[in-house]
Each structure stands twice: as structure tokens, then as C-alpha cells.
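Survey of secondary and tertiary structure
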Amino acid sequence: TGDMNAVALELAMEVCNNSILFVGAEGGSEIIRSAIAPDQISFVPIYRTEILEKVVIPETDVVFLSSPSNAKCYLNNASLDDKTVIAIGSTTSSFLQENRVTEVLIPHSASEESVIELLRKL
């Protein structure tokens, strides 16, 4: 569903007393990892997100944002005024709302089918 808190709780129940390896972005969200005891986690950063400045973003009616860092970069370079905004997941939606983007659509899941279903309803 894109609800990272729900995913975190489910994963913590699955992990139980085992250990888990996370790979992901350096400096990325720690919502899921925070639900598991630190001594059960190994984390390997495999990439770093850089927020670019002075990016030319084409004019569109619909904007699809897949992460808080993606949304931050967009907002640093263009306005979301008068746009239909689609966010993948609750963390991206929350980031947008914290930055005064009030009307955000979220597909039921991050699957292609859910995104297409949402686009067809526009």
C-alpha cells in the first residue's frame, strides 16, 4: 500500500529473532529499519541521491513523484501549482503535504496496474 509504517511492522514480525540485510540509499528513509532492533540489522548503502539544482523540467499536466528526494528535487526546480500530483507511497505524500502540496493522489500500490488504474480515472 505504500504505508512504510505498516510494512515496517509486518517485516519486524517476520524477522523475529533473525538478522536482516538492508541495501538502499545512503541517507534514505529509516522507517522500516527503525522497527527492527539495531543488532539484527546490517545496512549496506548502494547509492546516494543527489538533489540537482537548475534542472529544466518540461511543462506537464500530471507529475508522478516516486520518493521524497524526487519530490524535493522537483520542488527546487519547478512549481506543482495547477498540476495533478501522483505520489508513490505515504512517505512521498507526507513530504509533499509538509511542503504545502495539499492535493496528492496515491495509487493503491506501487504496481504498474495500480498506477495505470489511477491514471485512467483522471
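Residues numbered from 1 in each chain as written. Predicted model: local features only at pLDDT ≥ 70, side-chain atom pairs only at ≥ 80, totals over all residues. Heavy atoms only, no water.

Within helix α4 (residues 112-120), the full set of buried residues consists of Ser114, Val115 and Leu118. One side of α4 carries all its buried residues, which in axial view fall inside an arc of 100°. Exposed residues pointing more than 90 degrees away from the buried face of α4 are listed as Glu112, Glu113 and Arg120. Tucked into the core, α4 has its buried residues touching β3 (62-65), β4 (84-87) and β5 (104-105). (Buried < 20%, exposed > 50% of the residue type's maximum accessible area, 1.4 Å probe, protein only. Helix = DSSP H or I, 4+ residues; strand = E, 2+ residues; numbered from the N terminus. Arc of directions from axis to C-beta. Contact = heavy atoms within 4.5 Å.)

On to the nonpolar core. Counting residues in each nonpolar core, the largest one holds 11 residues, listed as Val63, Leu65, Ala71, Tyr74, Leu80, Val85, Ala87, Phe95, Leu96, Val101 and Val104. Mapped by element, the contributors of at least two residues to this core are β3, α2 (68-77), β4 and α3 (90-98). In this structure Val101 touches Leu75, Leu80, Val85 and Leu96, once residues within four positions along its chain are discounted. In terms of nonpolar packing, the next biggest core, distinct from the first, is built from six residues, Val15, Ile20, Ile32 and Ile36 among them. (Core = buried A, V, L, I, M, F, W, Y, C linked by side-chain atoms within 4.5 Å.)

Inspection of the secondary structure assignment puts Ser114 in helix α4. Within the structure, Ser114 has its side chain in polar contact with the side chain of Ser109 (distance 2.9 Å). Beyond its immediate stretch of four places on either side in the chain, Ser114 contacts Pro107, His108 and Ser109. (Polar contact = N/O pair within 3.5 Å; in protein donor to acceptor, adjacent residues only side chain to side chain.)

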